[in-house]
Amino acid sequence: MNIHEFQAKEILRRFGAPVPDGKPAANGPDVEHAFAALGKPIAVVKAQIHAGGRGKAGGVKLVRSAGEARKFAESLLGRPLVTHQTGPEGRVVRRVYIEEASEVERELYLAMVVDRKAAAVSVIASTEGGMEIEEVAARTPERIVSEIIDPLIGVAGYQARKLAFALGLRDKQVGEMGALLAALYRAFNETDASLVEINPLVVTKQGKLLCLDAKMSFDDNGLFRHAEIRELRDPGEEDPAETEAGKHDLSYVHLDGNIGCMVNGAGLAMATMDIVKYYGAEPANFLDVGGGASAEKVAAAFRILLSDQRVRAVLINIFGGIMRCDILARGVVDAAREVDLKLPLVVRMEGTNVDQGKAILREAGIKAIAADNMAEAARLAVAAANG
Ligand code: GDP
Ligand code: MN
């Protein structure tokens, strides 16, 4: 799960990281109040969307009065902001952040991520702040340094110094870097984060380290322990189909293809996606309806699949183990009637109550194309999608 910059900064501030003072606002008058409350001659107004690249896209601006802050905020609010990370349709700005402006001397990059191979958190730092780290990695990989943090020790003093020196920090800044790393690491661990990215981390004209931007992502499997972080979820930033799937406890990931896949079991779902690709098409989604799904859950899954306008054919591939084929068939029949299904539907079922399942589909008059094995099912679905 991702959160907004202003939310990430609130968390980091709580853990003692140096973050500029700021306030979120969702309308013009609140922006004016926020500017006045900061009480600084210059502030920065920043669009709050779950995407980076806002600076280059015109979503970040220095302002010198409450009126100017409001005018710029009103030009952003309620409209999509297109950055190179949003895709061409952009993201609608529903909130801005008004922050005291900082005098920037140097822009650096600092992040923490889970390094799965090392089974630990890795710190990534670079002198190339403000640029995307992927770009730095591709062009000037020698400007990136990283350190694996031993979970039993935390950020060791020598590691903090090594990172600080690599970033060209001196004197008191080295100690500040140690304190910042300790704060970020504690924030990362205690919130079950999967990413903390400070880009840029700046050295101010006054020589202090400051987190000028902040991005945090959290491990969904850890969210049950963090009610206060769950509350930061912004459904407006999420794929509506994925939100709906979450409500029904379905494992669904939206993809770019045109074959809607409904499968039970993550392994079978991945194998199904592979075989769709093998026959020359792309899956529209990953969808695992789970082991003991009810007819209602199957119907919900079916509706979610069909809500994707790109889907040209639906492929159902079910192995009835705990899941019974008759229950699956009833869910499909209910949903197909409800949505007045017009798309070609290919069904491959095997296992418990398979004959009953096939009979239910037949008797309901659903125009399903029956397939006897996975390869045939995929081939038929791809052919149907191609008309
Ligand atoms: P992003 O483009 O979405 O990553 O948004 P950032 O928060 O990183 O802001 C983009 C750029 O705006 C930064 O790299 C800075 O160069 C600039 N910027 C943001 N806040 C300030 C500030 O307080 N003072 C100055 N001088 N520049 C700022
Ligand atoms: Mn940034």
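Basis of the calculations
Each chain carries its own residue numbering, running from 1 in the written order of its sequence. Chains and ligands are labelled sequentially in the order written, the chains with letters from A and the ligands with numbers from 1. Thresholds applied to this predicted model are a pLDDT of at least 70 for local features of residues and 80 or more for the giving and counting of side-chain atom pairs; totals over whole chains, interfaces and linings are not thresholded and use all residues. Note that the side-chain values use all heavy atoms of the structure and ignore hydrogens as well as water. Boundary definitions for the domains trace back to an automatic or database domain assignment. To pair, rings of Phe, Tyr and Trp, with the six-membered ring standing in for Trp, must have centres within 6.5 Å; the planes then decide the type, stacked if under 30 degrees apart, edge-to-face if over 60, and tilted in the middle. Type-normalised accessible area, obtained with a 1.4 Å probe on protein chains alone, sets the label of each residue: buried when under 20%, exposed when over 50%, and partly exposed for intermediate values. Only DSSP runs of H or I reaching four residues or more are called helices, and only runs of E reaching two or more are called strands; each is numbered from the N terminus. Any two residues having at least one pair of non-hydrogen atoms within 4.5 Å are treated as being in contact. In protein, a polar contact requires one atom able to donate a hydrogen and another able to accept it; more generally it is a pair of N or O atoms within 3.5 Å, and residues adjacent in sequence count only if both atoms are side-chain atoms. Note on method: axes are straight lines fitted to C-alpha atoms, helices fitted across the in-contact stretch only, with angles between N-to-C directions ranging 0 to 180 degrees. Should an angle lie under 35 degrees it is considered roughly parallel, over 145 roughly antiparallel, and from 65 to 115 roughly perpendicular; all remaining angles are considered oblique. Handedness of each helix crossing follows the sense of rotation of the near helix against the far helix: counterclockwise by less than a right angle gives left-handed, clockwise gives right-handed. Each residue is assigned to one class: nonpolar for Ala, Val, Leu, Ile, Met, Phe, Trp, Tyr, Cys and Pro, charged for Asp, Glu, Lys and Arg, and polar for all the others, Gly among them. Working definition: residue near molecule or strand if any one of its non-hydrogen atoms lies within 4 Å of it. Only the protein chains shown count as cover for residues, and all accessible areas are computed by the Shrake-Rupley method using a 1.4 Å probe. An expected span of 1.5 Å times one less than the residue number is assigned to each helix. Throughout, the arc means the angular range of directions from the helix axis out to the C-beta atoms. In short, DSSP must find at least two bridges between two strands for them to pair. Each metal site lists N, O and S donors within 2.8 Å (3.2 Å for Na, K and Ca). With water left out of the atoms, a site can look as if it is missing ligands.

Let's talk about the domain arrangement of the protein chain
Looking at the assigned domains, one finds that the protein chain contains domain 1 (1–20 + 103–237), domain 2 (22–101) and domain 3 (239–385). Taking only C-alpha atoms into account, the centre of domain 1 sits 41 Å from that of domain 3.

Focus: the packing of aromatic side chains
A full pass over the atoms with the stated rule returns 2 aromatic pairs. For the ring pair Y278 and Y279, a centre distance of 5.2 Å and an interplane angle of 85 degrees mean the geometry is edge-to-face. Looking at Y279, the relative accessible area reads 28%, which means it is partly exposed.

Concerning the environment of K61
Mapped onto the elements, K61 comes out in strand β3 (residues 60–63). It is 62 Å that separates the C-alpha atoms of K61 and R362, two residues lying 301 residues apart in sequence. With residues up to four places along the chain from it excluded, the contact list for K61 reads A43, V44, V45, E68 and F72. In terms of polar contacts, K61 uses its side chain to reach the side chain of E68, at 3.3 Å.

Points about the side chain of K9
Structurally, K9 is set in helix α1 (residues 5–14). Not counting chain neighbours up to four residues away, the residues in contact with K9 comprise V19, K46, Y97, E99, C211, L212, D213 and A214.

Side note on the packing of helix α9 (residues 266–278) against helix α13 (residues 374–385)
In the contact formed by α9 and α13, the axes pass within 9 Å of each other and the chain directions differ by 55 degrees. In terms of axis orientation, α9 runs oblique to α13. The element α9 and its partner α13 pack so that their crossing is right-handed. Judged by residue contacts, L268, A271, T272, I275 and V276 of α9 engage M374, A375, A378 and V382 from α13. Among the residues forming the contact of α9 with α13, the class breakdown is 8 nonpolar, 1 polar and no charged.

Re the side chain of D213
Within the element layout of this structure, D213 appears in the loop between β11 (209–211) and β12 (215–218). By relative accessible area, which is 18% here, D213 ends up buried. Among the polar contacts made by the side chain of D213, one reaches the side chain of R54 at a distance of 3.1 Å. In contact with D213, not counting residues within four places along its chain, are E5, K9, K46, R54, E197, I198, N199 and P200.

Some points on the site of ligand 1
Around ligand 1 sit 15 residues, and of these K46, R54, G55, S102 and E107 come closest. A distance of 2.8 Å is found between an oxygen atom of ligand 1 and a backbone nitrogen or oxygen belonging to G55. In this structure, a nitrogen atom belonging to ligand 1 sits 2.8 Å away from a main-chain N or O atom of S102. In the complex, the protein chains occlude 78% of the 560 Å² of accessible area that ligand 1 would expose alone. Those elements that provide at least two residues to the shell around ligand 1 are β2 (43–47), β7 (104–115) and β10 (193–204). Grouping the constituent residues of the shell around ligand 1 by class yields 6 nonpolar, 5 polar and 4 charged. Residues from two domains meet in the shell around ligand 1; each of domain 1 (1–20 + 103–237) and domain 2 (22–101) gives at least three.

Concerning α13
The end-to-end C-alpha distance of α13 is 16 Å, a good match for the 16 Å that 12 residues give at a rise of 1.5 Å each. Looking at α13, one finds that the buried residues are M374, A377, A378, A381, V382 and A385. The arc that holds every buried residue of α13, seen down its axis, measures 125 degrees, which confines them to one face. Its side-chain oxygen at 3.2 Å from the backbone nitrogen of A375, N373 defines the N-terminal cap of α13.

Here's the deal with the sheet that holds β3
Strand order in the open sheet made by the 4 strands is β1-β6-β2-β3, with antiparallel pairing throughout. Edge positions in the open sheet fall to β1 (22–25) and β3, since each of these has one partner strand only. The average angle at which neighbouring strand axes cross in this sheet is 20 degrees, direction not considered. Here β1 runs beside strand β6 (residues 96–100); their pairing, made up of 4 bridges, is antiparallel. Across the sheet, residue P24 finds its bridge partner in β6, namely Y97. Across the sheet, helix α2 (residues 28–38) touches β1, β2, β3 and β6, and the angle it forms with β6 is around 15 degrees.

Comments concerning the coordination of the manganese ion (ligand 2)
Every protein donor of the manganese ion (ligand 2) is listed here as N199 (O) and D213 (OD), and their distances to the metal cover 2.2 Å. A residue pair is termed long-range when its members are at least 10 positions apart, and N199 in strand β10 and D213 in the loop between β11 and β12 qualify at 14 residues. Of the two residues, N199 and D213, both sit in the buried class.

Description of unusual backbone geometry
Cis geometry is adopted by the peptide bond preceding P200, which originates at N199 and carries an omega value of 10 degrees. With a phi angle near 45 degrees, D171 is a residue other than glycine that sits in the positive phi range. Position of D171 among the secondary structure elements: in the loop between α5 (157–166) and α6 (172–190). Residue class for D171 comes out exposed when judged on its relative accessible area of 68%. The phi dihedral of N353 is positive, around 60 degrees, even though this residue is not glycine. For N353, the position within the fold is in the loop between β17 (345–351) and α12 (354–363).

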